[in-house]
Amino acid sequence: MDQAEPFIIAGETLAPGTLRDVGFPITTMATGTASSLAVRVLHGAKPGPAVFVSAAIHGDEIVGTAVVQRLAQEIDPQGLAGTVLLVPVANIFGFLNRSRYLPDRRDLNRSFPGSANGSLAGQVAHIFYREVVERCSLGIDIHSAAVHRYNLPQIRIAAGNNRLVELAMAFGAPVIIESPLRDGSLRDLAQKSGVDMLLLETGEGLRFDRLSIETGVAGVTRVLAHLGMIEADDGLSAVGIPARANRTMWVRAPRGGVMHPARQSGDPVREGDVLGCVTGLMDEEAHNMISPIDGIIIGHATLPVVHQGDALFHIAAIAHPERVGARIDSITEAILASEPEGSAQGMLDEDEVV
Ligand SMILES: [Zn+2]
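Because the structure is a prediction, the values reported are computed rather than measured.

A. Representation of the side chain of Thr83. Here Thr83 shows up in strand β6 (residues 81-87). Judged by relative accessible area, Thr83 falls into the buried class, the value being 4%. When neighbours within four sequence positions are excluded, Thr83 is seen to be in contact with Phe7, Val41, Leu42, His43, Pro49, Ala50, Val51 and Met229.

Here is the structure:
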């Protein structure tokens, strides 16, 4: 059997089949306290590709942190071919402040590639990119909707890349969305550097939910199996084929007031279907919200207090929405019906974080 070479990171040398938690010093905070980026390195006994899984690039999008925590417990370097780098919190400052942004009000996901002498966001981007992203051939970056919004689990990939479509299909989230890349985003830079990236959008800001966590853990595991890094588990394969979309539309509040939703994420809709209504404070003058297309609802606002123009439903254009909706129902039911194992999963029923 082939034996992997040692893996050198942060000045440490990992023997094949071992793991190490390393920290990359980033900066000192206002109090003078040093801060560092935490990474768990799982270096497989056998040779193979290097893959990273990162969470909380937006500091309040914490559901990926729970996914990374589970992966940190479940991936055994003895049974691994290649190397997995786990980053539970990329934006450590936003995470501390329960904020999407850094204290310098910058968005880390618009700050790549950054620089060692740049802004706080630029320094974090620089270290994360140099020490984690550039070592890998594939990254899976996990985001959630903003606070008071929920996203159906969905993989977002750059348009027109067959390799990414293959990996996204292996991940097996209910929906795949192909979209252009934003300048300065991690995916934009990674693509220019030849690093394949999958972005998982799932769940709600500042919350954990079981569907998101289970979908994330199973999806990463399937991708690692697809790459031959771990043994494929037959129990992971029965997810059906994800639906693909390259066009999405927002439906906004037609007036300010109180929202009464009739539909939610995962529901199939037809053009003209009523999604819900917004009424005045006395429940008067209901204005309906209508789906402009056939598709699947991939995100919705969870806060009923709305201003006119607030984005309330996000719909992906998909053919055969009822068929896709039925499959999403069966995935959701299977995950929510499964019994959490052991004490570590007890936290999954506790969805309130703040
Ligand atoms: Zn995000």
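B. Fine view of the sheet that holds strand β18 (residues 305-306). Taken in spatial order, the 4 strands of this open sheet run β16-β15-β13-β18, and their pairing is antiparallel. The open sheet has two edge strands with one neighbour each: β16 (287-290) and β18. Pairing of strand β13 (residues 257-261) with β18, which is carried by 2 bridges, proceeds in the antiparallel orientation. The residue of β18 that forms the bridge with Val258 is Val305.

C. Just the coordination of the zinc ion, in detail. Surrounding the zinc ion are the protein donor atoms His58 (ND1), Glu61 (OE), Glu61 (OE) and His143 (ND1), at 2.0 to 2.7 Å. For the zinc ion, the 4 donor atoms are set out with angles of 53 to 148° between them, so the coordination reads as irregular. Positions of the donor residues of the zinc ion, expressed as sequence spacing, correspond to H-x2-E-x81-H. Here the residue Glu61 occupies a position in the loop between β5 (46-55) and α1 (63-74), and His143 occupies one in strand β7 (residues 138-143), the gap between them amounting to 82 residues. As far as the burial class goes, Glu61 and His143 line up, both buried.

D. Region of interest: helix α4 (residues 162-171). For α4, the full list of buried residues reads Leu164, Val165, Leu167, Ala168, Ala170 and Phe171. Buried residues along α4 sit in contact with β7, β8 (149-158), β9 (175-179), β10 (196-204), α6 (210-226) and β11 (243-245). Sitting at the amino-terminal end of α4 is Asn161, which places a side-chain oxygen 3.0 Å from the backbone nitrogen of Arg163. Gly172 occupies a position one or two residues after α4 and carries a positive phi of about 80°.

E. Structural detail: the side chain of Asn161. Note that Asn161 resides in the loop between β8 and α4. Polar side-chain contacts of Asn161 include one of 3.0 Å to the backbone nitrogen of Arg163. Beyond its immediate chain neighbours, meaning those up to four positions away, Asn161 contacts Gln191 and Asp196.

F. Quick peek at the packing of α4 against α6. Look at α4 against α6: their axes get within 7 Å of each other, and the N-to-C directions meet at 125°. By the angle class used here, α4 and α6 are oblique. Of the residues in α6, those in contact with Glu166, Leu167, Ala170 and Phe171 of α4 are Thr215, Gly216, Gly219, Val220, Arg222, Val223 and His226. Considered class by class, the residues forming the contact of α4 with α6 number 5 nonpolar, 4 polar and 2 charged.

G. The layout of surface pockets, seen in detail. Of the pockets and cavities examined, the largest pocket occupies roughly 780 Å³. Lining the largest pocket are 30 residues, with Arg110, Arg156, Arg182, Glu201 and His314 sitting closest to its centre. The set of elements that each furnish at least two residues to the lining of the largest pocket consists of β8, β9, β10, β12 (248-252) and β17 (295-301). A class-by-class count of the residues in the lining of the largest pocket yields 8 nonpolar, 12 polar and 10 charged.

Here is what the cut-offs are and how they apply
- Residues numbered from 1 in each chain as written.
- Predicted model: local features only at pLDDT ≥ 70, side-chain atom pairs only at ≥ 80, totals over all residues.
- Heavy atoms only, no water.
- Helix = DSSP H or I, 4+ residues; strand = E, 2+ residues; numbered from the N terminus.
- Buried < 20%, exposed > 50% of the residue type's maximum accessible area, 1.4 Å probe, protein only.
- Contact = heavy atoms within 4.5 Å.
- Pairing = 2+ DSSP bridges.
- Donors = N, O, S within 2.8 Å, 3.2 Å for Na, K, Ca; no water.
- Tetrahedral: all angles 85-135°; square planar, octahedral: opposite > 155°, others 65-115°.
- Polar contact = N/O pair within 3.5 Å; in protein donor to acceptor, adjacent residues only side chain to side chain.
- Axes fitted to C-alpha atoms, helices over the stretch in contact; angles between N-to-C directions.
- Parallel < 35°, antiparallel > 145°, perpendicular 65-115°, else oblique.
- Nonpolar A, V, L, I, M, F, W, Y, C, P; charged D, E, K, R; others polar.
- 1 Å grid on protein atoms, 1.4 Å probe; cavity = no way out; pocket = protein on both sides within 12 Å on 5 of 7 lines; lining within 4 Å.
- Points joined across faces, edges and corners; volume = space filled by probe spheres on them.

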